[in-house]
Amino acid sequence: MSDPLNLVSQYCPFLFDKYGFKVVDSRASASFGDEIVILQSGSVSLRVTRDKGQVFLDFRTGAFKQNKAYAWHSIDVVRQLITGKTDDNATLNEQNAKFIEEFIPVIIRLFS
């Protein structure tokens, strides 16, 4: 089973190096092996969730600890908003990592 933080580091190192994302929360379920890692840079939060062996990405606006009322938006919905193209793949993979790398300035503007 893949560790969500290691996958983000593998696929999206630019989030840490260039955009200053940092881990602000992490939770794991010992019984099911599920895990959530929250990264934040400024007012943009990124949630990386391992659920049933798949790792998903979601974005939202607002500082994580202070604004829990804001809704999370999966990477496939974010892609559709930015490009207008429908894609139901919300997992962390090479394709989504390339999209994030190309459009992270736009994503940050949208969620700031």
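Residues numbered from 1 in each chain as written. Predicted model: local features only at pLDDT ≥ 70, side-chain atom pairs only at ≥ 80, totals over all residues. Heavy atoms only, no water.

**Focus on the pattern of salt bridges**
Applicable threshold: A side-chain nitrogen of Lys or Arg and a carboxyl oxygen of Asp or Glu constitute a salt bridge if their distance falls within 4 Å. Whether a residue is buried, partly exposed or exposed follows from its accessible area with a 1.4 Å probe, protein chains only, as a fraction of its type maximum: under 20%, in between, or over 50%, in that order. Strands are runs of DSSP state E lasting at least 2 residues, helices are runs of H or I lasting at least 4, and numbering of each runs from the N terminus.
Counted according to the given criterion, the structure contains five salt bridges. Here Asp25 ties to Arg27 by a salt bridge, and the two come within 3.0 Å at their closest N and O atoms. Judged by its relative accessible area of 15%, Asp25 is buried. Close ionic contact of Asp58 with Arg47 constitutes a salt bridge, the shortest N to O distance being 3.3 Å. Note that Asp58 is positioned in strand E4 (residues 54-61) and Arg47 in strand E3 (residues 44-51), a separation of eleven residues in sequence. The class of Arg47 is partly exposed, set by a relative accessible area of 22%.

**What about the pairing of E3?**
Our working rule: Strands qualify as paired when DSSP identifies two bridges or more between them.
Counting buried positions along E3 gives six out of eight residues, so the element sits mostly inside the fold. The pairing of strand E2 (residues 35-41) with E3 spans seven bridges and is classified as antiparallel. In the strand pairing of E3, Ile36 is matched with Thr49. Looking at chain direction, E3 and E4 are connected through eight bridges and run antiparallel. The residue bridging Leu46 from the neighbouring strand is Phe59, located in E4. Counting the residues in the hairpin turn of E3 and E4 gives two residues, including Lys52, whose phi is positive at 55°.

**With respect to the confidence of the model for the protein**
Note that predicted coordinates carrying low pLDDT should not be read in detail. Cut-off, in case you're wondering: For every residue, the predictor assigns a confidence score, pLDDT, that lies between 0 and 100.
Taken residue by residue, the protein gives an average pLDDT of 89. The fraction at 70 or more is 91%. Within the protein, helix H2 (residues 13-17) carries the highest mean pLDDT (96), whereas strand E1 (residues 22-28) carries the lowest (90).

**Considering helix H1 (residues 4-11)**
Rule in force here: The arc in question is the one traced by the directions running from the helix axis out to the C-beta atoms.
Taken as a whole, H1 has its buried residues at Pro4, Leu7 and Val8. One side of H1 carries all its buried residues, which in axial view fall inside an arc of 100°. In H1, the exposed positions that point more than 90 degrees away from the buried face belong to Asn6 and Gln10.

**What about the side chain of Asp76?**
The condition that has to hold: The charge count includes Lys and Arg as positive and Asp and Glu as negative, but it does not include His or the ends of the chains. A 3.5 Å cut-off defines polar contacts: any pair of N or O atoms within that distance qualifies, except that in protein one atom must be a possible hydrogen donor and the other a possible acceptor, and neighbouring residues in sequence count only when both atoms are side-chain atoms. Two residues qualify as a contact provided that any one of their heavy atoms is within 4.5 Å of a heavy atom in the partner residue.
Summarising the element assignment, Asp76 is placed in helix H3 (residues 75-83). Despite its burial, Asp76 remains without a salt bridge, the nearest opposite charge being carried by Arg79 at 6.4 Å. Side chain to side chain, Asp76 and Ser74 meet in a polar contact 2.3 Å long. If we ignore the near neighbours within four places in the chain, the residues touching Asp76 are Asp87, Asp88, Asn89 and Ala90.

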